[in-house]
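# Observations on chain architecture
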Amino acid sequence: MRIGHITLANRLFAAPMAGVTDRPFRMLCKKLGAGYAVSEMVTSRKDLWNSLKTSRRADHTGEVDPIAVQIAGTDAAMMAEAAAYNIDRGAQIIDINMGCPAKKVCNKWAGSALMQDEPLATQIVEAVVAACAPHGVPVTLKMRTGWCDTQRNAVHLARMAEAAGIAMVTVHGRTREQGYKGAAEYDTIAAVKAAVAIPVVANGDIDSPEKARAVLAATGADAIMIGRAAQGRPWIFAEIAHYLATGEHLAAPATLQAKAWLVEHLQDHYGLYGEFAGVRSARKHIGWAVRALPGGETFRAEMNRIDDCDTQLRAVGDWFDQLADIHHRLPATSAAANDDSLQETA
Ligand SMILES: Cc1cc2nc3c(=O)[nH]c(=O)nc-3n(C[C@H](O)[C@H](O)[C@H](O)COP(=O)(O)O)c2cc1C
């Protein structure tokens, strides 16, 4: 699997998720089998680049190559500048966001709203490709199947993107209008794959090794991208890789192994966000990790009242130690994402 001149470790990708796929989480996913992980979106608004939020998103210290940064915006010149800014900060691949349905982005005609304005989408793609080409940085595009049921223009946009020099397209199998409702459909992704020669990535509702194999078969896609199912279960990439290679299921992780991964993730997380923001933003990751485990909901409620990192880390460690006394391996959990995993915090 290649993006331009860059060869990836495999074809299992972690999806960009604002408020979730920060550097510590991307590094965890890559460690546990993802061949590729895209950053949370970075705004093209220059006035926000010095904000704490954007500077954290543009911090790639220690990240495993390739570093892929997603940019979001509505103005071609600003998007080109944003691409150059992120290349200066280490980006080796630039991804254009045409898939996010969040209002905050769409009110400004960014994200998936761009799919409704093809001339503007084309201008943005051409400007970003032109800004990245001198640096040898490939540009990719993430979109939905279309704006609404009657306007599924992913194939048309993918052809435009290929002609403009885009190196890979990712398609989430829902329209903008759907948000996250209903089920992802894969026929449009298959049609995109059939229409272009660049790599195509299938995304949407992939939450198990069987589903991964079925989506690859149904779409002919070159790679698959997983978002919500990796929340609290980042080893899903290793599970899928093993299943695709052998047809066998990996055993669930040992409980103490899952604890070690979470503890390491939390330490990295506190390092990026500091004490105040760190303890609070870590709660969602802990919640996802324990929600489907025995006693997980009770622990989650208790843990949400803890206000310092040391106590939070100790509580997590103790809770997993107690669980390990009863369950050597993690009990089977539901793969389905809870509703709260749909909260976009971009
Ligand atoms: C919390 C959250 C934040 C997201 N943020 C972004 C984003 O910044 N950029 C983007 O292109 N898509 C974003 N998405 C969409 C995901 O990348 C992905 O397309 C979608 O969740 C479908 O994949 P899944 O069913 O595997 O979760 C976000 C999704 C979630 C749940």
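Anything mentioned here points back to the structure above.
A few points on the structure. (Residues numbered from 1 in each chain as written. Predicted model: local features only at pLDDT ≥ 70, side-chain atom pairs only at ≥ 80, totals over all residues. Heavy atoms only, no water.)

### So, unusual backbone geometry
Most peptide bonds take the trans form, and the phi angle of most residues other than glycine is negative. In this model, D65 is joined to P66 through a cis peptide bond whose omega is -10°. Here D205, not a glycine, exhibits a phi torsion of approximately 65°, which is positive. Tracing the backbone through its elements, the reader meets D205 in the loop between strand 9 (200–203) and helix 8 (209–219). You can call D205 partly exposed: its relative accessible area is 22%. (Helix = DSSP H or I, 4+ residues; strand = E, 2+ residues; numbered from the N terminus. Buried < 20%, exposed > 50% of the residue type's maximum accessible area, 1.4 Å probe, protein only.)

### Some details on the sheet that holds strand 3 (residues 12–14)
A barrel is described by the order of its strands in space; here 8 strands give the closed sequence 3-4-5-6-7-8-9-10, paired in parallel fashion. Averaged over all pairs of adjacent strands, the angle between their axes in this sheet comes to 30°, without regard to strand direction. The pairing of strand 4 (residues 36–43) with strand 5 (residues 68–72) spans 4 bridges and is parallel. Note that in strand 5 the partner of V38 across the bridge is A68. Sitting on the sheet, helix 5 (residues 118–132) is in contact with strand 5, strand 6 (93–98) and strand 7 (139–146), with an inclination near 170° to strand 6. Strand contacts of helix 7 (residues 187–195): strand 7, strand 8 (168–175) and strand 9, with the helix running at about 175° to strand 9, the strand carrying the most contacts. (Pairing = 2+ DSSP bridges. Axes fitted to C-alpha atoms, helices over the stretch in contact; angles between N-to-C directions. Contact = heavy atoms within 4.5 Å.)

### Some thoughts on the packing of aromatic side chains
Two aromatic rings, taken as a pair, are described by how far apart their centres are and by the angle between their planes. Per the stated rule, a full pass over the model turns up 5 aromatic pairs. A centroid spacing of 5.1 Å and a plane angle of 15° characterise the contact between F299 and W319, whose relative ring orientation is stacked. Of this pair, F299 sits in helix 11 (residues 296–303) while W319 sits in helix 12 (residues 309–326), and the two are 20 residues apart along the sequence. Grouped by ring-pair contacts, the aromatic residues F299, W319 and F320 constitute a single cluster. R144 extends its terminal NZ or CZ atom over the ring of Y180, reaching a point 5.2 Å from the ring centre. Above the face of the F276 ring, R280 is positioned so that its terminal group lies 3.8 Å from the ring centre. (Phe/Tyr/Trp six-rings, centres within 6.5 Å; stacked < 30°, edge-to-face > 60°. Lys NZ or Arg CZ within 6 Å of the ring centre and 35° of its normal.)

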